[in-house]
Amino acid sequence: QVQLAESGGEKVQAGDSLTLSCVHSEHPYAMAWFRQAPGKGREFVATISGDGGVTEYSESVSGRFTISRDNAKNILHLEMNSLKLEDTAVYYCAARDGPTTSNEWQYSDWGQGTQVTVTS
């Protein structure tokens, strides 16, 4: 089981940038970021393959967010630019022993989440 720990969440203003990090205990093949806004279900944000060569984004964040990983340091990042009020959520990183997917049920390991709050 991969241990995951997110960090970097904070309260920011609309239009600001923020980078989230997720330290993981070993090198899973695919990793992803999901988010859950108050009163809503968990939503796919972005995923990246083990070597970083394949990435996929949700339509709501494409062009604003960038997922990346540093396999030497076992860290996953999510760079978020032009933040909007609707980006407010708890952000989770997830890992799986398989290819990238946007399906949350395919991920076996999850972090505890980090809160991102975007204000006007």
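Definitions and cut-offs
- Residues numbered from 1 in each chain as written.
- Predicted model: local features only at pLDDT ≥ 70, side-chain atom pairs only at ≥ 80, totals over all residues.
- Heavy atoms only, no water.
- Helix = DSSP H or I, 4+ residues; strand = E, 2+ residues; numbered from the N terminus.
- Buried < 20%, exposed > 50% of the residue type's maximum accessible area, 1.4 Å probe, protein only.
- Lys, Arg positive; Asp, Glu negative; His and termini not counted.
- Charge placed at Lys NZ, Arg CZ, Asp CG, Glu CD.
- Salt bridge = Lys/Arg side-chain N within 4 Å of Asp/Glu carboxyl O.

**Student:** Could you give an account of the overall build of the protein, with specific residues and numbers?
**Tutor:** Counting secondary structure elements, the protein contains zero helices and eleven strands. Reading the helices (α) and strands (β) of the protein from amino to carboxyl end gives β-β-β-β-β-β-β-β-β-β-β. Referenced to the eigenvectors of the C-alpha coordinate spread, the extents of the protein come out at roughly 40 × 30 × 25 Å. Residues counted as buried form 45% of the 120 residues belonging to the protein. Positive and negative side-chain charges of the protein, numbering 9 and 15 respectively, have mean locations separated by a distance of 4 Å.

**Student:** Any details on the pattern of salt bridges? Residues and values, ideally.
**Tutor:** Where charged atoms from two side chains of opposite charge come close, those side chains can pair. A complete count under the given rule lists four salt bridges for this structure. Where glutamate 43 meets arginine 35, a salt bridge forms, and the shortest distance between an N and an O atom there is 2.8 Å. Judged by its relative accessible area of 32%, glutamate 43 is partly exposed. The partner of aspartate 87 in a salt bridge is arginine 64, and the shortest N-O contact between them spans 2.8 Å. Of this pair, aspartate 87 sits in the loop between β8 (75-80) and β9 (89-96) while arginine 64 sits in the loop between β6 (55-57) and β7 (65-70), and the two are 23 residues apart along the sequence. Across this residue pair, the class does not change: aspartate 87 and arginine 64 are buried. Salt bridges sharing partners connect three or more residues here, namely Arg35, Glu43, Arg64 and Asp87.

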